Each structure stands twice: as structure tokens, then as C-alpha cells.
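Residue-level structure breakdown
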Amino acid sequence: MTVLPETSVESTDRAVAILGIGRMATGLAVDLALNGCSVDVIDIKSRSETEQRDKAVGLLDELTRAAQQLGRDLTDLPPPVYCTAAVPGKNYAYLFEALPEEIAVKQAAYAAMGKTIAGATALCSMTSTFTVEELTAGIELPADMVVTHFMNPPWLVPFLEVVTPDEMNDNNVDALFGFLRDTGHAPIRCKSSPGFVISRLQVALMNEAVRIMEEGVASPEDIDKAITHGWGYRFPIMGILEFIDAGGLDILHHAGHSVAEALNRPDLKSPALVGQKYAEGAYGTKTLKGLFDYGDGSQLAAREATRLDRQVRLKALLDQFQAEEESDGER
């Protein structure tokens, strides 16, 4: 088992700690280590020496496995270090909390790690459930509480959502986003709202997929194929709002009302903003105004040509995957 040194260490912008040793914590530790960070993974749970040793070995095994899959050389990269909860005198630029989704568990850990948190630029919870306000309710923290909602595994999916408190210093916000980008991530900033962005989109899609299955509209396999063979060929190239503008808000306006009435599902009606844009004649790219403003339209042709080129290249890759799946299915 490896534990942290007892002596005080100066913090650097690449020294980070991760509270927890679960799947997301391990994934982020691997990700940050692969990007040259000094990473300490702090296990707050009481364990036997055998269990601690197994966790330490498992952490290194995950690093090796990810490096092999990515074709990365680990020679000059410091591995993540498994640590017990006793971490006196060590400073970190950032602390990432990846504990069970229970407010009491998280807040107890924050209290126990108070001195360590105090030296950090931010305490970053990897929660997918709680808002900043819920995480900090009834307690005081010596550092800004931030939500950094990563996708799993972080070493493979660069996207994450970041929620910062209004009172957070602008320089610290810039430093956090700079750190995330420098370590290979693609962060977006969103408000503190239930579900944030990605989980809210996912909940809507997942629930509707199950409803379609429940109603017998299509088989589970074909519903999944609609995503992998339909959306999979489109949305790596363009975002959903860009897609709405390209297709036309007028079409979405009419389709939303038609499907909602046919299924007796008022929740499927288009949002008020779509109706407002429709009334204004702002249909998207064809009117140069929609959810986005396209100015005089001079950049649209170049944008569409670039998108088509990327889509053709993406199609070749996805076609290869589909052929491999079909070949595997025949064996």
C-alpha cells in the first residue's frame, strides 16, 4: 500500500487529489495521470491492509489498461497514488470528489478534509445528481464548491459540465477551465440546475426510448439501431440546436404539434421559444436567423461543405464498425 508523505508539499497547478476509489474516481485518476498530473487517490473508507493493497494494484492496472488501449507510453508519467484518508500537510491545486451520491457522506468527507481543501483553488464534485446549493447547504467550505460532471470513462470521453458558484473569483474560474482544457477535456459551463445539460437530455431520450418499446412501436434492438445507425451518423458532426436550424424551426413547430396531438402527449409539443421563432419567421439557416444568427450567410456554404466532408469520413469509419458487428453476428 502507498500512502502520502507526512511532510508538507507545495501545491502546483498539476497536483490534484481525488476523494473516492470507485469507477469514476479511478477513471479520472487514470485520465489525469495520462495527462501528466500528480494524482493522489484518497480512499476515505476504512479497509484492511489487504483491501488497501488490492485497491492500489487495481488503480495501477486500470492505468496500464487505458495506456495500452490508447497506445500511450507511461515511461515519463507519474502513476496515480492510492492513499489513506490521513493526508496531513499536502496541498493540491484541485480536489475532485467522487463519493457516493449521498449528501451526508459527501459533507462528512468535506469536513474531515477541511485543511486539505483550504489550500485548493476549488473543491470539484463529480456529482451527476446534486446542485452546488444542495452540496453546500448548511455547511461552510474553505474553498469554492464546483460541480464537474465528467462522462465515463473520462480518459476516453473529453466532455464535462462545469457549474461554478456566482461568487467564485473570475481568475479562479479561468484557471479551472484552463486546467481542464490543458488536460485534454472539453468543458462547458452551465447554471446550477437539476440534471444540468447532459443528464437532462439523456433522461428525456432514455424515457422516450422505453415508452416506444413499451408501446411496441419497434423492437428493443431496432430502437437501439435508430440511435447507432441514425443519430450516430449525424450528431458527432453537428449539435442538436444546429440540426434544428438546418432542418427548420417551422418543421419542428408543426411536427411537435402534430405528434403531440396524435399521441395525446402535450409534453411533446414544441417549447414556447420555437413558437416565437416561427411567428417571427426565423426558421433557421434558410432565413439566416433561428436559434442562431447567421449574419449575411456568407459562412454557411463553407460550414456546410466542411460538415459534409466530415460526415463522409465519419460514415466510412462507422460503416466499418457496422460491418464488423455483422461479421461477428454471423460467427
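Higher on the page you've got the structure.
Values in this document were obtained by computation on a predicted structure and should not be read as measured data.

Observations concerning a nonpolar patch on the surface
On the surface, L205, I227 and W231 cluster together to form a nonpolar patch covering roughly 240 Å² of accessible area. Relative to the elements of secondary structure, W231 occurs in the loop between α8 (220–230) and α9 (240–247). A relative accessible area of 37% means that W231 is categorised as partly exposed.

Considerations on the packing of helix α1 (residues 23–34) against helix α2 (residues 49–70)
The geometry of α1 relative to α2 is characterised by a closest axis approach of 9 Å and an angle of 55° between their N-to-C directions. Classed by the angle they form, the pair α1 and α2 counts as oblique. Of the two elements, α1 crosses α2, and the hand of that crossing is right-handed. Contacts from T26, A29, V30, A33 and L34 of α1 reach α2 at L59, E62, L63, A66, A67 and L70. A per-class count over the contact of α1 with α2 returns 9 nonpolar, 1 polar and 1 charged.

Some remarks on the environment of N172
The topology assignment puts N172 in helix α6 (residues 170–182). Between the alpha carbons of N172 and A122 there is a distance of 8.0 Å; along the sequence they are 50 residues apart.

Here we look at the nonpolar core
Residues V16, L32, L34, V39, Y94, F96 and F179 are the most contacted members of the largest nonpolar core, which totals 38 residues. For this core, the element with the highest residue contribution is α1, accounting for 7 residues. Residue contacts for L32: discarding those within four places in its chain leaves V16, C37, V39, F96, F179, T183 and H185. By size, the runner-up hydrophobic cluster in this structure holds 22 residues, among which are A17, A120, F130 and V163.

Cut-off values and rules
- Residues numbered from 1 in each chain as written.
- Predicted model: local features only at pLDDT ≥ 70, side-chain atom pairs only at ≥ 80, totals over all residues.
- Heavy atoms only, no water.
- Patch = residues over 30% accessible without salt bridge, like charges linked within 9 Å, V, L, I, M, F, W, Y side chains within 5 Å.
- Areas by Shrake-Rupley, 256 points an atom, 1.4 Å probe, with all protein chains shown as cover.
- Salt bridge = Lys/Arg side-chain N within 4 Å of Asp/Glu carboxyl O.
- Helix = DSSP H or I, 4+ residues; strand = E, 2+ residues; numbered from the N terminus.
- Buried < 20%, exposed > 50% of the residue type's maximum accessible area, 1.4 Å probe, protein only.
- Axes fitted to C-alpha atoms, helices over the stretch in contact; angles between N-to-C directions.
- Parallel < 35°, antiparallel > 145°, perpendicular 65-115°, else oblique.
- Left-handed = near helix turned anticlockwise from the far one by under 90°.
- Contact = heavy atoms within 4.5 Å.
- Nonpolar A, V, L, I, M, F, W, Y, C, P; charged D, E, K, R; others polar.
- Core = buried A, V, L, I, M, F, W, Y, C linked by side-chain atoms within 4.5 Å.

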